[in-house]
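Take a look at the letters that make up each chain.
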Amino acid sequence: MSGKTVETALENATSEASLRHARGVSAKIKSAIAADPSKFRVLTGDRPTGNLHIGHYFGSLRNRVELQRAGVETWVLIADYQVITDRDGTGPIKDRVFSLLTDYLAVGMDPEKTTFFAHSQIPELNELMLPFLSLVTDAELRRNPTVKAELEATDGRPMSGLLLTYPVHQAADILFCKANIVPVGKDQLPHLEQARVIADRFEARYGHPDGSEQPVFPRPQALLSEAETVLGLDGTKMSKSKGNTIEIGMSADETAKRIKKAVTDSDRHITYDPAHRPEVANLLLLTSLASGEAPEAIAEEIGDGGGGALKGRLTEAINDYFAPIRARRAQLENDRSYLEQVLHAGIARAREQAQTTLSEVHRALGMSY
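Residues numbered from 1 in each chain as written. Predicted model: local features only at pLDDT ≥ 70, side-chain atom pairs only at ≥ 80, totals over all residues. Heavy atoms only, no water.

Caption draft 1: Broad picture of the layout of surface pockets. Space inside the second largest pocket adds up to approximately 290 Å³. Forming the walls of the second largest pocket are 16 residues, and the residues nearest its centre are Lys-30, Arg-62, Asn-63, Glu-66 and Ser-225. Contributions of two or more residues to the lining of the second largest pocket are made by helix H2 (16-35), helix H3 (54-69) and strand E5 (221-224). Residue composition of the lining of the second largest pocket, by class: 8 nonpolar, 3 polar and 5 charged. (1 Å grid on protein atoms, 1.4 Å probe; cavity = no way out; pocket = protein on both sides within 12 Å on 5 of 7 lines; lining within 4 Å. Points joined across faces, edges and corners; volume = space filled by probe spheres on them. Helix = DSSP H or I, 4+ residues; strand = E, 2+ residues; numbered from the N terminus. Nonpolar A, V, L, I, M, F, W, Y, C, P; charged D, E, K, R; others polar.)

Caption draft 2: Helix H16 (residues 336-365), seen in detail. Along its 30 residues, H16 runs 42 Å from first to last C-alpha, staying within 8% of the 44 Å computed at 1.5 Å per residue. Looking one or two places after H16, you find Gly-366, whose phi comes out positive at around 75°. (Expected span 1.5 Å × (residues − 1).)

Caption draft 3: View of the packing of helix H4 (residues 93-106) against helix H15 (residues 306-333). At their nearest, the axes of H4 and H15 sit 9 Å apart, and the two run at 135° to each other. By the angle between their directions, the pair H4 and H15 is classed as oblique. The handedness of the crossing between H4 and H15 is right-handed. Contacts between H4 and H15 involve Ser-99, Thr-102, Asp-103, Leu-105 and Ala-106 from the former and Ile-325, Arg-328, Arg-329, Leu-332 and Glu-333 from the latter. (Axes fitted to C-alpha atoms, helices over the stretch in contact; angles between N-to-C directions. Parallel < 35°, antiparallel > 145°, perpendicular 65-115°, else oblique. Left-handed = near helix turned anticlockwise from the far one by under 90°. Contact = heavy atoms within 4.5 Å.)

Caption draft 4: Local environment of the nonpolar core. Ranked by internal contacts, the top residues of the largest apolar core, which has 89 residues, are Leu-101, Tyr-104, Phe-117, Phe-132 and Phe-176. Ranked by the residues each element gives to this core, the list is headed by H16, at 9 residues. Excluding residues within four positions of it along the chain, Phe-132 makes contact with Val-168, Ala-171, Ala-172, Leu-175, Ile-198 and Phe-217. (Core = buried A, V, L, I, M, F, W, Y, C linked by side-chain atoms within 4.5 Å. Buried < 20%, exposed > 50% of the residue type's maximum accessible area, 1.4 Å probe, protein only.)

Caption draft 5: Main features of the pattern of salt bridges. Per the counting criterion, the structure on display carries 19 salt bridges. A salt bridge links Glu-360 to Lys-178; its shortest N-O distance comes to 3.3 Å. Residue Glu-360 is found in helix H16, and its partner Lys-178 is found in the loop between helix H10 (166-176) and strand E4 (181-184); the two are separated by 182 residues along the sequence. Looking at Glu-360, the relative accessible area reads 17%, which means it is buried. Residue Lys-178 is classed as partly exposed on the basis of its relative accessible area, which comes to 21%. Here Glu-293 and Arg-313 are joined by a salt bridge, their closest N and O atoms 3.2 Å apart. Taken together, the residues Glu-293 in the loop between helix H13 (278-291) and helix H14 (295-302) and Arg-313 in helix H15 connect sequence positions 20 residues apart. (Salt bridge = Lys/Arg side-chain N within 4 Å of Asp/Glu carboxyl O.)

Caption draft 6: Structural detail: H4. Along its 14 residues, H4 runs 20 Å from first to last C-alpha, staying within 8% of the 20 Å computed at 1.5 Å per residue. With 10 of 14 residues buried, H4 is to be regarded as a mostly interior element. Burial in H4 covers these residues: Val-97, Phe-98, Ser-99, Leu-100, Leu-101, Thr-102, Asp-103, Tyr-104, Leu-105 and Ala-106. Tucked inside the fold, the buried residues of H4 contact strand E1 (41-46), H3, strand E2 (73-78), strand E3 (114-118), H15 and H16. At the C-terminal side of H4, Gly-108 shows a positive phi close to 120°.

Caption draft 7: Structural view of the environment of Leu-162. Mapped onto the elements of the fold, Leu-162 is located in helix H9 (residues 161-164). With a relative accessible area of 25%, Leu-162 lands in the partly exposed category. Measuring from C-alpha to C-alpha, the distance between Leu-162 and Arg-349 comes to 26 Å, with 187 residues separating the pair along the chain. With sequence-adjacent residues up to four places away left out, Leu-162 is seen in contact with Tyr-81, Ile-84, Thr-85 and His-169.

Caption draft 8: The arrangement of the side chain of Thr-114 in detail. With respect to the helices and strands, Thr-114 occurs in strand E3. Excluding residues that lie within four positions of it along the chain, Thr-114 makes contacts with Gln-68, Thr-74, Val-76 and Met-109.

Caption draft 9: Spatial organisation of the packing of aromatic side chains. Throughout the structure, instances matching the rule amount to 13 aromatic pairs. Residues Tyr-57 and Phe-322 carry aromatic rings whose centres are separated by 5.2 Å and whose planes lie at 70° to one another, so their mutual orientation is edge-to-face. You can see Tyr-57 sitting in helix H3 and its partner Phe-322 sitting in helix H15, a full 265 residues away along the chain. Across the pair, exposure class does not vary: Tyr-57 and Phe-322 are buried alike. On the numbers, 6.1 Å between centres and 75° between planes, the contact of Trp-75 with Phe-117 is edge-to-face. Linking Trp-75 in strand E2 with Phe-117 in strand E3, this pair joins segments that are 42 residues apart in sequence. Like Phe-117, Trp-75 is buried. Taken together, the ring pairs connect Tyr-57, Phe-58, Tyr-321 and Phe-322 into an aromatic cluster. Residue placement shows Arg-336 over the ring face of Phe-98; its charged tip is 3.9 Å from the ring centre. (Phe/Tyr/Trp six-rings, centres within 6.5 Å; stacked < 30°, edge-to-face > 60°. Lys NZ or Arg CZ within 6 Å of the ring centre and 35° of its normal.)

Caption draft 10: Summary view of the pairing of E1. In terms of burial, E1 is largely enclosed, as 5 of its 6 residues are buried. In this sheet, E2 lies alongside E1 in parallel orientation, the contact comprising 6 bridges. The partner of Gly-45 across the bridge, within E2, is Leu-77. (Pairing = 2+ DSSP bridges.)

Caption draft 11: Seen up close, the side chain of Asn-126. Structurally, Asn-126 is set in helix H5 (residues 123-127). Of the residues examined, Asn-126 reaches a relative accessible area of 17% and is grouped as buried. Apart from residues no more than four positions distant in its own chain, Asn-126 is found in contact with Tyr-81, His-119 and His-169.

Read these as spatial facts, not as claims about activity.
Printed below as a string of structure tokens:
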């Protein structure tokens, strides 16, 4: 692909037509998973920049558990190297890595079925950046909508080389383990398009090693998330840095205190109206996600009870839903040796896969000595 063609492809990745196509592909993938989950390998993950919250849970973690239960092989990346793409330090990175792992296990992810690994511990994965960088141009990376969005979020901070090559690093994450599906939201579709561009260019330039008819890298497809957008308790995007979240590991009392400060409005009559009453609608949506009741029905039940009654319903729903998860989390948190065992086993498996993939790449490049 030419630079302009790639730019167009990445920008079109979030167009309405492309979204319709992505939804159609996702529907077919879900049907195929139901028929034979063994054909699929999922790659997903998170940056260890803080504790996971209920937005993460309802937005992706619950879906990961469902995919695992369906029998799909799942690989979960703890993207510690990506922490420094837009900041000067790592913070308490080790504690945050183990906090993420604790959350994953607490919500029901099974280390017998899921491979957990940390980015920094897989040197062969990161070495793939070198040949992959030869397949993209500086101009393409600067035009990448993901890079542009990440740069805007840094408030004028000069762009680091790591931020510029962020999409290539993500492509290496996906392609090293031969993942063929990646759960994403619509805003993340350009990530996957970039990975496909790199896989296609590698194939076109270097062909099949050892005369094999199979390409080195499968073309990964998006499993588009249709999860509702969950806002923070102040009605803005849920973010660890804003303090508007409810963390998965919070106690019942901490949850109640956070929800008590949640933003509503002056109308005591509770209605579900996302367009005109977004803060109230968001609290109703959170209550719905945790209780299983429709947000409209919850609003009707509360009626003229006002924001206080709504917050009470939300507190009860969240604490009831997360009680067993939090109990499991507390047990895991006190068993560091087990957490280390799980992570080390995952790292060993990921390194073995990365070594195999890198050997294939070296053969394709003619660099096996």
